[in-house]
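Here is what each chain is made of, one letter per residue.
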Amino acid sequence: MSTKGLLPDGYVHSRRRPSSLLRPVLLTTCFLIVSLTLLSTNYYAITVHRQESRRLQQIPINAQQILQQCSSLRETPSSTSSLTRLREVSDRFEPGTNATLIQNARIWTGRENGTHVVEGDVLLDGGIIKEIGHIPQDLWVDAENLTIVDANGAWITPGLVDLHSHVGLLSAPFTRGTFDVNSPNGPILPWLRSIDGFNTHDESFTLAIAGGVTSAQVLPGSGNAIGGQAFMMKLRKTSERSPTSMILEPPHSLNGSRPDPDAPLRWRHLKQACGENLKKFGTRMDAMWSFRWAYSQARKIQHAQDMFCARAEAGFWNDIYGQEFPEDLQWEALVDVLRGRVKISNHCYEAVDLDDIVRLSNEFGFHIASFHHASEAWLVPGVLNRTFGGPPAVAVFATNHRYKRESYRGSEFATKVLAENGIPVVLKSDHPVLNSRYLLYEAQQAHYYGLDRHLALAAVTSTPAKAAGMEHRIGVLRKGADADVVLWDVHPLQLGAKPHQVWIDGIPQLTTAKPKDEDEERQEAPSVPNWDKERKTAVAWEGLPPLSPRRIKKGKVVLKNVREVWVREEHGIKERWSARPGQEGGTVVLNDGLISCVGREGWCLSGEDEQFALSIDLHGGSIGPGIVTYGSRLGLEEIDSEMSTGDGIILDPYSEEIPKILSDTAGLVRAADALQFGTRNTQIAYRAGVTYATTSLSKSSLFTGPYSLISGLSVTFRTGANHGLEHGAIVNPATALHVALVRPHPFGSGGVLPPVSVSTQVAALRRLLLNAENHDTETGKWFKRAAEGIIPLVVDVHSADMMATLIQLKADIEEWRGSRMQLVFSGATEAYILAKQIAKANVGVLLTPARSFPGTWDQRRALPGPPLTDATALEILLQHGVTVAIGVDENHQPAHTRFEAAWAALNTNGRISRQKTYELITTNVEKLFGIEGWFGEEGDLVLYDGGSVFDLSSKVVGVASPKKNAVELF
Ligand SMILES: *[C@@H]1O[C@H](CO)[C@@H](O)[C@H](O)[C@H]1NC(C)=O
Ligand SMILES: *[C@@H]1O[C@H](CO)[C@@H](O)[C@H](O)[C@H]1NC(C)=O
Ligand SMILES: *[C@@H]1O[C@H](CO)[C@@H](O)[C@H](O)[C@H]1NC(C)=O
């Protein structure tokens, strides 16, 4: 490819010949310069005959440009970064932005690895931080239009930095027209640039800012070995409204210009990937060869440039007479990699992949700035340390693991282990894989599982900023840095922390901010459990530690220092006992897993009893009913993308012929028949207090839509059971009938189902519920039961319009049959719009997920909740008397259901009581699935050490199971 005029660092040299009049002058000048150069230049390692140097050299007219260009090849962004020099005003300053003084704050600056905290003020002006700490009045008292904000002692952090996002490349709500993530055009595409597909109309910008995220690295997808160039973007809308104006420090290569040659060179960014995602191009071996081939192309060009320049700088112009500067637009980005000018973000999971890329980095001599996902990085710190130029940062999810084989050994303890090994830890969203709005929740969870508090906050601010080469501007609060600041309602590591205000480039982003949370306790970082033992075991077992209970105790178990006891009642749950503030914790006696006494120690125990019993100190902990999870594929599949670990995909009666052997129109099947016990996801959920699950065969993802429209019968089971024949293992083998009502998926071929119109789906549903099929068939039998209200009918549906249709359908069926259906909407993002009608129609709602996201067209009216709206969908539904429960989507999520519930409640500013919150994940689920009261006194009880079910300070230490006549301890 011809690349005339564009040099690797972005200089443009003119290809126009100067007018003939000017030529002699230029020639003389060039000759002089060359002579000077000749005197001062080392000879490099070029082989030239000595006599040749004495021959007359034919100096090209653009010799000066060539020499300038050659000298610039030695620059790197780090070599030129006197970047911290103080600016008076930011290049991103929007004229008209008022100065802001935030007073009386606790300022977490992000400096000194996150340990630096200042109490005082922050002055924002000109798009930068003018002053921080104690700011004398004379510095601001005369400022015009100064906004003064009293933080009232609340926390301030730098704006959060998301090192891995696809915001703008996959814009919400998703449509076919806005998918610009991966190119299908081969494994090696360093010439592509994410900015070229960056859509400014993405709901996620506003949402992410509402979570305190102010900048993000927008990466091409991981479907290619070299997927293209990435860009650091600020998420606020600019007055120009263009993608370009959102780029933070656009590299000069973007448009081939470098306005000020003395200005520091800017970092470029590149996305690489390895492992499973490249299987479409062959094996791992093929992928690595494609890398080596690509870098050898770049290396040839780099060498050619160096030889060319060595000759020019030595004045051997005859050697390069008539030659152009060697370059190629397709490879220039990789040449810049080899010249140390590019921050590479490398998607890489397993030890084999990390090792491959580290080998590559050493073979070609380039650094990797950050490994992403990197599920096994924590197991191979030695490999990371061998990376050319030092260990990369490692950007992981806190708890999203096991979704593919590569992430099977991912661990919630990984961040702490990496930090212990001196590896910089980053937490990222991979938006929209995780909603980037909740990037901070990743830090909260990492902290919960042991990452030090200063590193947990650094992992979403200063560490990613550094990994992207942007620490001179973002991710830290210091004089001269960009004015990207978040004022939080509570300590940012507390669950539910929300911005009170977010400034980007000094511009406030929120209009409906609520005042600081007055709960002083939540202004401090949470104290979290100790996981040292679990972490060490996890490392010893290479990420797959044994998960079965450590001890099973029959007979008497005495729990001491208990502050709360919650139990199931006939209709809901209640607090059976709690210690009053200041009062000592109480004692609970369990007999064969059943509570036999609750109260003060002396009352429950005689000395003799104590001798024979196992006694456990819960350190101010609590006891409560086992949580019930719904929505994921828990127990049906272990690894989402490995069909060999699951049930497979059920037949689709709309597009496939159901095999004759079933003799059943819809091919209705039962989840109970495919249930697996003892999977890691199930055991991890059990150890987290989620002792029951209702699982259906319906499977859906944001990126593919549902896998089936009629998903058969769900099963309710006990997650801690060893097999299906164990006593109490199967709670209900046919819990509910499940169908989906969805629009065709926007990603066309990415969707797994051929599109079936909504009207067709409703017509089929109407027909089936109106007794159309023979009752001897599975389809006929179960749809009849659903129509008669004997079994709940659960419909996966997000659109309020479709819910309205379903409510009407329910009324029609009931009138026709004289029955009362048990209809439940699952998903139900837009249900709040119809809260009144849903309540009136006696329809239940399984809100999945509880914190919604406008991912699809049907979810576009998702209610964002605070700080963007005062109300949340959950609260509106509860206010109208709808029975609501919280569901989750993915197999890793059940284990954190209690924190989901805590978030949901905190988002309502305490307007939902603790009891109601508890019911969202226990008895309300049971109510909706028609198994209310099934557990009763025989239901599992979870033992929490160090706090209540909703606290980050607590840890599940055991489950008391009356059905098993035992207490299982972890
Ligand atoms: C920050 O952490 C790194 C890695 O552990 C360490 O080398 C460095 O000295 C620390 N810096 C400060 C200021 O604590
Ligand atoms: C102060 O605000 C007024 C009204 O918006 C504006 O006209 C003026 O330029 C501002 N002054 C400065 C220094 O920004
Ligand atoms: C700046 O301050 C002036 C004076 O207080 C005010 O009139 C104006 O609305 C402010 N501008 C913005 C963008 O907030």
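These numbers come from a predicted model, not from an experiment.

1. Comments concerning the packing of helix H17 (residues 758–769) against helix H18 (residues 778–788)
Two elements in contact, H17 and H18, have axes whose closest approach is 8 Å; the angle formed by their N-to-C orientations is 90°. Looking at the two axes, H17 sits roughly perpendicular to H18. The segment H17 lies against H18, with Leu-765, Leu-768 and Leu-769 engaging Thr-779, Phe-783, Ala-786 and Ala-787. The residue inventory of the contact of H17 with H18, partitioned by class, reads 6 nonpolar, 1 polar and no charged.

2. Looking at the packing of aromatic side chains
According to the stated counting rule, one finds 25 aromatic pairs in the structure shown. Both rings, one in Phe-397 and one in Tyr-403, keep their centres 6.3 Å apart while their planes meet at 70°; by these two values the pair is edge-to-face. We note that Phe-397, like Tyr-403, is buried. With a centroid separation of 5.2 Å and 75° between ring planes, the pair formed by Tyr-438 and Trp-903 is classed as edge-to-face. Of this pair, Tyr-438 sits in the loop between strand E13 (425–427) and helix H10 (439–448) while Trp-903 sits in helix H22 (residues 897–906), and the two are 465 residues apart along the sequence. By relative accessible area, Tyr-438 is classed as buried at 12%. Look at Trp-903 and you get buried, because its relative accessible area is 3%. Members of the aromatic cluster, joined through ring pairs, are Phe-413, Tyr-448, Tyr-449, Trp-531 and Phe-899.

3. Describing the nonpolar core
In this structure, Tyr-295, Leu-769, Phe-825 and Ile-838 are the most contacted members of the largest nonpolar core, which totals 182 residues. Not counting the four nearest positions on each side in its chain, Leu-769 is found in contact with Phe-783, Ala-786, Ala-787, Leu-793, Leu-809, Ile-813, Arg-817 and Met-821. Judged by nonpolar contacts, the second largest core, of 21 residues, contains Val-567, Trp-577, Val-588 and Ile-595.

4. Description of the domain arrangement of the chain
One widely used convention gives an interface's size as the accessible area the parts lose upon coming together. In terms of domains, the chain is made up of domain 1 (160–174 + 186–252 + 266–523), domain 2 (547–626 + 939–970) and domain 3 (640–936). Just the C-alpha atoms count here: the centres of domain 1 and domain 3 sit 36 Å apart. Each partner contributes residues to the interface: domain 1 has 38 residues there, and domain 3 has 35 residues. Summing the contributions of domain 1 and of domain 3, the shared interface buries around 3,300 Å²; its carbon and sulfur component is 62%. Its largest share of buried area at the contact with domain 3, domain 1 owes to Phe-174, Arg-402 and Lys-498, together 21% of the area lost on that side. In this structure, the connection of domain 1 to domain 3 is made through 0 salt bridges. Inspection of the region where domain 1 meets domain 3 yields 11 residue pairs in polar contact (both at pLDDT 80 or more). Contributions of two or more residues to the side of domain 1 that touches domain 3 are made by helix H4 (204–210) and H10.

5. Describing empty space enclosed by the protein
By the definition in use, this model includes 10 cavities of 30 Å³ or more. Together, Tyr-438, Ala-850, Arg-851, Ser-852, Leu-863, Pro-864, Gly-865, Thr-872, Ala-873, Leu-874, Ala-904 and Asn-907 line the largest cavity. Considering only residue class, the lining of the largest cavity consists of 7 nonpolar, 4 polar and 1 charged. Here the second largest cavity is characterised by a volume of approximately 100 Å³. The residue makeup of the lining of the second largest cavity, split by class, is 8 nonpolar, 4 polar and 1 charged.

Reading the values: the criteria
- Residues numbered from 1 in each chain as written.
- Chains lettered and ligands numbered in written order.
- Predicted model: local features only at pLDDT ≥ 70, side-chain atom pairs only at ≥ 80, totals over all residues.
- Heavy atoms only, no water.
- Axes fitted to C-alpha atoms, helices over the stretch in contact; angles between N-to-C directions.
- Helix = DSSP H or I, 4+ residues; strand = E, 2+ residues; numbered from the N terminus.
- Parallel < 35°, antiparallel > 145°, perpendicular 65-115°, else oblique.
- Contact = heavy atoms within 4.5 Å.
- Nonpolar A, V, L, I, M, F, W, Y, C, P; charged D, E, K, R; others polar.
- Phe/Tyr/Trp six-rings, centres within 6.5 Å; stacked < 30°, edge-to-face > 60°.
- Buried < 20%, exposed > 50% of the residue type's maximum accessible area, 1.4 Å probe, protein only.
- Core = buried A, V, L, I, M, F, W, Y, C linked by side-chain atoms within 4.5 Å.
- Domains from an automatic or database assignment.
- Buried area = accessible area lost by both parts, 1.4 Å probe.
- Salt bridge = Lys/Arg side-chain N within 4 Å of Asp/Glu carboxyl O.
- Polar contact = N/O pair within 3.5 Å; in protein donor to acceptor, adjacent residues only side chain to side chain.
- 1 Å grid on protein atoms, 1.4 Å probe; cavity = no way out; pocket = protein on both sides within 12 Å on 5 of 7 lines; lining within 4 Å.
- Points joined across faces, edges and corners; volume = space filled by probe spheres on them.

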